[in-house]
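This is what each chain is made of:
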Amino acid sequence: MQRRKFIQNIGIGSLAFPLASFTQIDKIAPTNNSVIIPQGLKEGDTVGVVSPSSAIFETEPYEIAKENLEAMGLKVKFGKFVKSRYGHLAGTDEERAGELNKMFRDENIQAVMALRGGSGAARILDKLDYDTIKNNPKIFIGYSDITALHLAIYEKTGLVTFHGPLAVSTWNSFSFDYFKRLLFDKEKITFTNPTDKGDNLVQVENRIRTIREGEATGRLIGGNLSVLTGIMGSEYFPSDWEGNILYLEDVGEQIYAVDRMMSQLQLGGVLDKISGFVFGKCTSCNPGGSGYGSLTMEEVIDHYIKPLNIPAFSGAMIGHIDDNVTIPNGLKAKINATKGSIELQENPVK
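Residue numbering note: each chain is counted from 1, following its sequence as written. Whole-chain, interface and lining totals are the exception, using all residues; otherwise, since this is a predicted model, local features are given only for residues with pLDDT of at least 70 and side-chain atom pairs are given and counted only at 80 or more. With hydrogens and water set aside, each side-chain value is computed from the structure's full complement of heavy atoms.

(A) Region of interest: the pattern of salt bridges. Put simply, a salt bridge is a Lys or Arg side-chain nitrogen that is within 4 Å of an Asp or Glu carboxyl oxygen. Inspection of every chain in the model, using the stated rule, returns 14 salt bridges. Notably, a salt bridge pairs Arg 123 with Asp 93, separated by 2.9 Å at the nearest N-O pair. Taken together, the residues Arg 123 in the loop between strand S4 (111-114) and helix H3 (130-135) and Asp 93 in helix H2 (residues 93-105) connect sequence positions 30 residues apart. Exposure classes here rest on a 1.4 Å probe applied to the protein chains alone. A residue is buried below 20% of its type maximum, exposed above 50%, and partly exposed in between. Given the relative accessible area of 40%, Arg 123 is considered partly exposed. Only DSSP runs of H or I reaching four residues or more are called helices, and only runs of E reaching two or more are called strands; each is numbered from the N terminus.

This is the structure:
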């Protein structure tokens, strides 16, 4: 995610040779920890709202965040430092990390949600109390810069967290429906794109593009591409990608930068190990200053993914968009790249 644009994203926090289609690949990656499924939500539960990354400088977003969660039948508890400021950050690293640790320790908090993304979550990875998080598992949700926390928590504890809307996101009927079915109703959701044609003869918006046909089963691991690659090489980056399904999204990145980050995943050995691949939305990703001669996003993705000969598709409702689904990070799922679906194989919450 292009860091120069984090302020404006307050709420959002073929080049390969053609080969035969592939059928199901079923390799589930081992983890350093047993996978932990958190408890689900019910009406009257309390959500702790924290700001692990950037600050918000106006009062209205806090009001909207509180009203959004209360409209879901939930109670809201803002962290003590949620309105703190340290440069562009919502408080010092110690304050932001301590806030998150405290929310996991608090027995009266049933879920923890990031107020927004932006930049700065990676700065607190070495300050989190992973033993506390592991011993007090609960729902943790957010996306964009929050990807760093999802990956670190999964690597260090095995806890399934949720790549989904932020407290200040657009909570429309689409995003709330998936959130509710997943975290309240404990449903093994099959994620598919809307098929509404509107006034058009064929579907134009939110189309799925099959990169390589087939089905694959594995644990969903991923998030924001630039944040994910930003912590590669650290102890907080997932150490075992064998058999995982990698899902990605981003915002405001020029195409050459996406190419560079995909190259990093390839050179780092991640792409050779995954069983399936899903790309969501890359909002406002364009050639930028490179202009004439730039590769397209489609060409970049195909260059790295098609030679892997694994089921893969792009266009999923994951990313810096209003209609943003909630994806369980670390949960076993099956993708159908021909249909463009993600089918959960386990209950997302207890």
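(B) Fine view of the packing of aromatic side chains. Think of it this way: a Phe, Tyr or Trp ring, Trp meaning its six-membered ring, pairs with another when their centres are within 6.5 Å, and the plane angle makes it stacked under 30 degrees, edge-to-face over 60, tilted otherwise. All told, the structure shown has 10 aromatic pairs when counted by the stated rule. Joined through ring pairs, the aromatic side chains of Trp 171, Phe 176, Phe 179 and Phe 184 make up one cluster. The ring of Tyr 62 carries the charged tip of Lys 83 above its face, separated from the ring centre by 4.8 Å. Working rule: Lys NZ or Arg CZ, within 6 Å of ring centre, within 35 degrees of ring normal, means a charge sits over the ring. In this structure, Arg 181 is placed above the aromatic ring of Tyr 178, and the distance from its NZ or CZ to the ring centre is 5.3 Å.

(C) Highlighting the pairing of strand S10 (residues 245-251). By the criterion of burial, S10 is predominantly enclosed, with seven of the seven residues buried. Burial of S10 is two-sided: the residues Ile 245, Tyr 247, Glu 249 and Val 251 facing one way and the residues Leu 246, Leu 248 and Asp 250 facing the other way are all buried. In terms of strand pairing, strand S9 (residues 215-224) meets S10 through five bridges, oriented parallel. Counterpart to Gly 222 in the pairing with S10 is Tyr 247. At least two DSSP bridges between two strands are required for those strands to pair.

(D) Focus on the state of the cysteines. Counting rule for disulfides: a pair of cysteine sulfur atoms within 2.5 Å. Inspection of every chain in the model, using the stated rule, returns one disulfide. Each sulfur in the disulfide pair Cys 282 and Cys 285 lies 2.1 Å from the other. Given an S-S torsion of about -70°, the disulfide between Cys 282 and Cys 285 has left-handed geometry. For the pair Cys 282 and Cys 285, a shared accessibility class is recorded, and that class is buried.

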